[in-house]
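So you can see what is in the structure, the chains are spelled out below.
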Amino acid sequence: MKNKSFLLALALVAGSLAFQNCAKDPEPTPAPAAAPTLYERVGGTKMVADPNNPGQMIETGRLTLRSVVDSAIFVIAGDTSMTRFFPVLLGEVGRGDLSGFNALSKSFTDFLCVATGSKNFTYTGLNMVDAHDPAKNNRMGEKAGNTDFNNFVTDVGVALGKNGVTDQKLIGDLVALLETTRSAVVQK
């Protein structure tokens, strides 16, 4: 009987120690939060009213990118060093035909949405080499050089400012994203 009592007491002590050790186990360390994508940093997926399409909603990130793209198209159109690349588009707009402008805006916005990390959009336009080669894209006036690409990046920077994007880290990251296309865009 003494052995049974001793074994029972030993089992109770062991169980108590095991329970106390379980209670003292530290909480698991949570995984570090993933850094926000560039798309999230420009507004992300929060839905807001689309100022260009009454009654429709648009993701804030897409609205920001579309606004910058539209402004950039106008800045570039006013930049005499850049107009030679867009004779077709400028001719259309001059005649009041905005179909080419709207198509370029959608395509460039889709491209930026995908490139900045959005999962809700798809870019279906030409690859960057073909899009910027007049032999494959009759809407391009001529091939671009490094100086032309620098002018483009500067014009996009002006468009960012026109849309209230002033965070220097964000601007730097967007410029770095554009720089990833330089080798495809610069063809002379």
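Our structure's up above, just so we're on the same page.
How each quantity is defined
Within each chain, residue numbers correspond to sequence positions counted from 1 in written order. Given that the model is predicted, a residue must reach a pLDDT of at least 70 before its local features are reported, and side-chain atom pairs must reach 80 or more before they are shown or counted; all residues, however, enter totals for whole chains, interfaces and linings. Only hydrogens and water are removed before side-chain values are computed, so all heavy atoms of the structure are retained for them. Aromatic rings from Phe, Tyr and Trp, taking only the six-membered ring of Trp, are treated as a pair when their centres fall within 6.5 Å; an angle between ring planes under 30 degrees marks them as stacked, one over 60 as edge-to-face, and anything in between as tilted. Secondary structure is summarised from DSSP: a helix means a run of H or I of at least four residues, a strand means a run of E of at least two, and numbering begins at the N terminus for each. When a residue's accessible area, from a 1.4 Å probe over protein chains only, is under 20% of the maximum for its type it is buried; when over 50% it is exposed; and in between it is partly exposed. To sit over a ring, a charge needs its Lys NZ or Arg CZ within 6 Å of the ring centre and within 35 degrees of the ring normal. Take the buried Ala, Val, Leu, Ile, Met, Phe, Trp, Tyr and Cys residues and link them wherever side-chain atoms come within 4.5 Å; each set so joined is a nonpolar core. The contact definition used throughout considers only heavy atoms, calling two residues in contact when any of these lie within 4.5 Å. Lines are fitted to the C-alpha atoms to define the axes, a helix being fitted only along its stretch in contact, and any angle between axes, read from their N-to-C directions, falls within 0 to 180 degrees. Handedness of each helix crossing follows the sense of rotation of the near helix against the far helix: counterclockwise by less than a right angle gives left-handed, clockwise gives right-handed. Three classes are used, and their members are as follows: Ala, Val, Leu, Ile, Met, Phe, Trp, Tyr, Cys and Pro are nonpolar, Asp, Glu, Lys and Arg are charged, and the others, Gly among them, are polar. For a helix, the expected span equals 1.5 Å multiplied by the number of residues minus one. Any Lys or Arg side-chain nitrogen found within 4 Å of a carboxyl oxygen on Asp or Glu counts as a salt bridge.

### As for the packing of aromatic side chains
So, point 1. Inspection of every chain in the model, using the stated rule, returns five aromatic pairs.
So, point 2. Ring geometry for Phe74 versus Phe101: centroids 5.1 Å apart, planes at 40°, classification tilted. Taken as a pair, Phe74 in helix α3 (residues 60-78) and Phe101 in helix α5 (residues 99-115) lie far apart in primary sequence, 27 residues in all.
So, point 3. The exposed category is assigned to Phe74, whose relative accessible area is 54%.
So, point 4. For Phe101, a relative accessible area of 9% gives the class buried.
So, point 5. Pairing Phe85 with Phe86 gives two aromatic rings, centres 6.5 Å apart and planes at 65°, and the pair type is edge-to-face.
So, point 6. By relative accessible area, which is 2% here, Phe85 ends up buried.
So, point 7. Chaining the aromatic ring pairs together yields one cluster made of Phe108, Phe149 and Phe152.
So, point 8. The ring of Phe121 carries the charged tip of Arg62 above its face, separated from the ring centre by 4.4 Å.

### A few points about the nonpolar core
So, point 1. Counting residues in hydrophobic clusters, the biggest one holds 35 residues, and the most contacted among them are Leu112, Phe152 and Leu160.
So, point 2. Among the elements of the structure, α2 (38-41), α3, α5, α7 (146-162), α8 (168-179) and α9 (182-185) are those that each provide at least two residues to this core.
So, point 3. With residues up to four places along the chain from it excluded, the contact list for Leu112 reads Leu65, Val69, Leu177 and Leu178.

### A look at the packing of α7 against α8
So, point 1. Across the interface, α7 lies against α8 with an axial gap of 11 Å and an inter-helix angle of 150°. Read as a crossing pair, α7 and α8 show a hand that is right-handed. Counted together, Phe149, Phe152, Val153, Val156 and Leu160 of α7 and Ile171, Leu174, Val175, Leu178 and Glu179 of α8 form the full contact between these two elements.
So, point 2. Residues of the contact of α7 with α8, tallied by class, amount to nine nonpolar, no polar and one charged.

### Focus: the side chain of Asn137
So, point 1. Inspection of the secondary structure puts Asn137 in the loop between α6 (128-131) and α7.
So, point 2. With a relative accessible area of 16%, Asn137 lands in the buried category.
So, point 3. The residues touching Asn137, leaving out its near neighbours within four places in the chain, are Leu126, Asp130 and Ala131.

### Structural notes on α5
Structural remark: α-helix, 3.6 residues per turn; residues separated by three or four positions point the same way.
So, point 1. Given a rise of 1.5 Å per residue, 17 residues ought to cover 24 Å, and the 24 Å separating the end C-alpha atoms of α5 matches this to within 8%.
So, point 2. Residues of α5 that are buried: Gly100, Phe101, Ser105, Phe108, Thr109, Asp110, Phe111, Leu112 and Cys113.
So, point 3. Downstream of α5 by a residue or two, Gly117 has a phi angle that is positive, lying close to 110°.

### Notes on the pattern of salt bridges
Oppositely charged side chains can form a pair if their charged atoms are brought close together.
So, point 1. A full pass over the atoms with the stated rule returns eleven salt bridges.
So, point 2. Across the salt bridge formed by Lys106 and Asp110, the nearest N and O atoms sit 2.6 Å from each other. Taken as a pair, Lys106 and Asp110 lie in helix α5 at a separation of four residues, close to a single helical turn.
So, point 3. A relative accessible area of 48% places Lys106 in the partly exposed class.
So, point 4. On the accessibility criterion, Asp110 (4% relative accessible area) is buried.
So, point 5. In this structure, Arg182 engages Glu179 in a salt bridge whose closest nitrogen and oxygen atoms are separated by 2.7 Å.
So, point 6. Classification of Arg182 as buried rests on a relative accessible area of 17%.
So, point 7. For Glu179, a relative accessible area of 32% translates into the label partly exposed.
So, point 8. Salt bridges sharing common partners tie together Arg84, Glu142, Asp148 and Lys188.

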